[in-house]
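# Per-entry structural report
One-letter residues, chain by chain:
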Amino acid sequence: MEYGCTQQMGSPLRGRALEELQGFLAGAGLRYAPGIEYTALVRDQEERIIAAASLEGNVIKCVAVDPAHQGEGLTATVLTALRRQAMELGRRRLFLYTKPENRPQFTGLGFQEVARAEQAVLMEDRRGGFAAWAESIRSPAATGAAGAAVMNCNPMTLGHLYLVEQAAARCDFLYLLIVSEDRSAVPAGDRRAIVEQAVAHLPNVAVAGTGDYLISQATFPDYFLKDVRRSGEVWTGLDIAVFCRLARQLGITRRFVGSEPFCPVTSAYNRAMAAALPAQGIELVELPRLARDGTPISATAVRKLLCAGRWQELRGLVPEATFAYFADAENRSRFLRRAEGGSQKRE
């Protein structure tokens, strides 16, 4: 680092320092990402920001260096500061999302490509991290034609269970991946536990989490995109690329989804998969949703009943495991706190 420069760490930056950072990032074609916890800066002798990088959870964001100071090792300086901070917090695996043209720069700093799409690349700082995660999902019981379904189950309904049963009947083995992000009204660990109980009668189904690799559109970092309106499209392409890599490693040849009459985002995602998966040797199977009185059963309807205090009316809409969970007053209270606090209202 050039003599006379100083380093600064903010957790996070506020006031004038934050305004300076936002202006610096804007000059680099980036936006400051809400939710940032820590920011590492390098300032020149006149206290102007010449390099920056930020951390949210285990994702590095908003990395930029003043063009006049590129080639001075400043990217490595700010990333080293963030890695040190992450280690102190017990975060031993870091990820970043960036433009494809930036891949060589981050490869030189120890990051490995996980997957890429036309406008985005996902990288991690651990060699073989993705492969190890995929192997942790592999079930020794998996034989024959393997399929997969990805669900949030917020909470699990009879509609979800119907889709799992139909998918399991259409392949020799089914990997059921439950979203690991803990941003839903029902906590991630509880969602997975409910699903495991509800599908215990299906011997050819293995339940696993999506880990840090398959994330939702709501948490996809789009600060580096020139046109934020295309965020959903870019996330879709990258998410499909990650899934295809997982499918190749586990021998998955079918992906099952439910028809989507309500959510345009999910409907668009299904269409994108229908267009992209066959070229990767994966068949997309769209299954009709289970309906009651002509209306598909949805987690949205279940959440509305819970928020209205009408949890006894869940029977006929949810598996016994879900009903038993909400029969507990403490679980209902936790759900209401998280729902009121803005947890994602995802299926």
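A short tour of the structure in this document, coming up. (Residues numbered from 1 in each chain as written. Predicted model: local features only at pLDDT ≥ 70, side-chain atom pairs only at ≥ 80, totals over all residues. Heavy atoms only, no water.)

## Here we look at the packing of aromatic side chains
Counted by the stated rule, this structure contains 13 aromatic pairs. Ring centres of Phe-326 and Phe-335 lie 5.6 Å apart, and the angle between their planes is 85°; on these two criteria the pair is classed as edge-to-face. Comparing Phe-326 with Phe-335, the two get one shared label, buried. Members of the aromatic cluster, joined through ring pairs, are Phe-95, Phe-130, Trp-133 and Tyr-213. Over the aromatic face of Phe-243 sits the side chain of Arg-255, whose NZ or CZ is 4.5 Å from the ring centroid. Over the aromatic face of Phe-323 sits the side chain of Arg-315, whose NZ or CZ is 3.8 Å from the ring centroid. (Phe/Tyr/Trp six-rings, centres within 6.5 Å; stacked < 30°, edge-to-face > 60°. Buried < 20%, exposed > 50% of the residue type's maximum accessible area, 1.4 Å probe, protein only. Lys NZ or Arg CZ within 6 Å of the ring centre and 35° of its normal.)

## A look at the nonpolar core
With 58 residues, the main nonpolar core has Leu-21, Phe-220 and Leu-246 as its most contacted residues. If you tally residues by element for this core, the top one is helix H7 (residues 231-250), at 11 residues. For Leu-21, the residues in contact, after removing those within four places along its chain, are Leu-13, Tyr-32, Thr-39, Leu-41, Ile-49 and Ala-52. Counting 39 residues, the second-largest nonpolar core is a separate cluster that includes Ala-168, Ile-178, Val-186 and Phe-323. (Core = buried A, V, L, I, M, F, W, Y, C linked by side-chain atoms within 4.5 Å. Helix = DSSP H or I, 4+ residues; strand = E, 2+ residues; numbered from the N terminus. Contact = heavy atoms within 4.5 Å.)

## As for the pattern of salt bridges
Within the structure shown, the criterion is met by 19 salt bridges. Among the ionic pairs, Arg-31 bridges to Asp-222, the shortest N-O distance being 3.7 Å. Here Arg-31, found in the loop between helix H1 (15-27) and strand E2 (38-43), pairs with Asp-222, found in the loop between strand E10 (205-209) and H7; they are 191 residues apart in sequence, far enough to count as distant. Arg-31 gets classed as partly exposed once you look at its relative accessible area, which sits at 31%. Classification of Asp-222 by relative accessible area gives partly exposed; the value is 21%. (Salt bridge = Lys/Arg side-chain N within 4 Å of Asp/Glu carboxyl O.)

## Points about the state of the cysteines
Evaluated as defined, the whole model comprises zero disulfides. No disulfide involves Cys-171; its nearest neighbouring cysteine sulfur is the one of Cys-153, lying 16 Å away. Residue class for Cys-171 comes out buried when judged on its relative accessible area of 11%. (Disulfide = S-S within 2.5 Å.)

## Let's talk about the environment of Ala-168
With respect to the helices, strands and loops of the structure, Ala-168 is situated in helix H5 (residues 158-169). In this structure, the C-alpha to C-alpha distance between Ala-168 and Val-205, residues 37 residues apart in sequence, is 6.8 Å. Excluding anything up to four places from it in sequence, Ala-168 contacts Leu-174, Asn-204 and Val-205.

## Quick word on the packing of H7 against helix H8 (residues 264-276)
Viewed as axis vectors pointing N to C, H7 and H8 meet at an angle of 50°, and their least axial separation amounts to 10 Å. The angle between H7 and H8 places the two elements in the oblique class. Of the two possible hands of crossing, H7 and H8 adopt the one that is right-handed. Residues Trp-235, Thr-236, Asp-239 and Ile-240 of H7 form the contact with H8, whose own contacting residues are Tyr-269, Ala-272, Met-273 and Ala-276. (Axes fitted to C-alpha atoms, helices over the stretch in contact; angles between N-to-C directions. Parallel < 35°, antiparallel > 145°, perpendicular 65-115°, else oblique. Left-handed = near helix turned anticlockwise from the far one by under 90°.)

## Some remarks on H5
With 12 residues, H5 should reach 16 Å at 1.5 Å per residue; the first-to-last C-alpha distance of 16 Å fits that figure. Along H5, the residues classified as buried are Gly-159, His-160, Leu-161, Leu-163, Val-164, Ala-167 and Ala-168. (Expected span 1.5 Å × (residues − 1).)

## Details of the packing of helix H9 (residues 299-307) against helix H11 (residues 329-340)
Across the interface, H9 lies against H11 with an axial gap of 10 Å and an inter-helix angle of 110°. It follows from the interaxial angle that H9 and H11 lie roughly perpendicular. In this structure, H9 uses Arg-303, Leu-306 and Cys-307 to contact H11, whose residues at the interface are Phe-335, Leu-336 and Ala-339. For the contact of H9 with H11, the per-class residue count stands at five nonpolar, no polar and one charged. (Nonpolar A, V, L, I, M, F, W, Y, C, P; charged D, E, K, R; others polar.)

## Regarding the sheet that holds strand E9 (residues 173-178)
What the five strands build is an open sheet, ordered E10-E9-E8-E11-E12; its pairing is parallel. Unpaired on one side and paired on the other, E10 and strand E12 (283-287) mark the two borders of the sheet. Pairs of neighbouring strands in the sheet enclose a mean axial angle of 25°, with direction left out of account. Where strand E11 (residues 252-258) lies against E12, five bridges are found, and the strand directions are parallel. Note that in E12 the partner of Arg-255 across the bridge is Leu-284. (Pairing = 2+ DSSP bridges.)

## What about the pairing of strand E7 (residues 121-124)?
Consecutive residues of a regular strand have side chains that alternate between opposite faces of the sheet. Residue alternation in E7 divides its side chains into two sets, Val-121 and Met-123 and Leu-122 and Glu-124, and both sets are buried. Sheet topology places strand E6 (residues 112-116) next to E7; four bridges connect them, and they run antiparallel. The partner of Ala-115 across the bridge, within E7, is Leu-122. Connecting E6 to the antiparallel partner E7 that follows it, the hairpin turn spans four residues.

## Observations regarding empty space enclosed by the protein
As enumerated under the stated definition, the model contains two cavities of 30 Å³ or more in all. Taken together, Tyr-97, Leu-122, Tyr-213, Ile-215, Phe-220, Trp-235, Leu-238, Asp-239 and Val-242 make up the full set of residues lining the largest cavity. Ranked by residues supplied to the lining of the largest cavity, first place goes to H7 with four residues. Classifying every residue of the lining of the largest cavity gives eight nonpolar, no polar and one charged. Estimates place the volume of the second largest cavity at around 40 Å³. In terms of lining, the second largest cavity is formed by Ala-149, Met-151, Leu-163, Val-164, Ala-167, Phe-256, Val-257, Gly-258 and Leu-287. Every element with two or more residues in the lining of the second largest cavity is listed here: strand E8 (146-151), H5 and E11. Residue composition of the lining of the second largest cavity, grouped by class: eight nonpolar, one polar and no charged. (1 Å grid on protein atoms, 1.4 Å probe; cavity = no way out; pocket = protein on both sides within 12 Å on 5 of 7 lines; lining within 4 Å. Points joined across faces, edges and corners; volume = space filled by probe spheres on them.)

Keep in mind that these numbers describe shape and distance, not what the molecule does.
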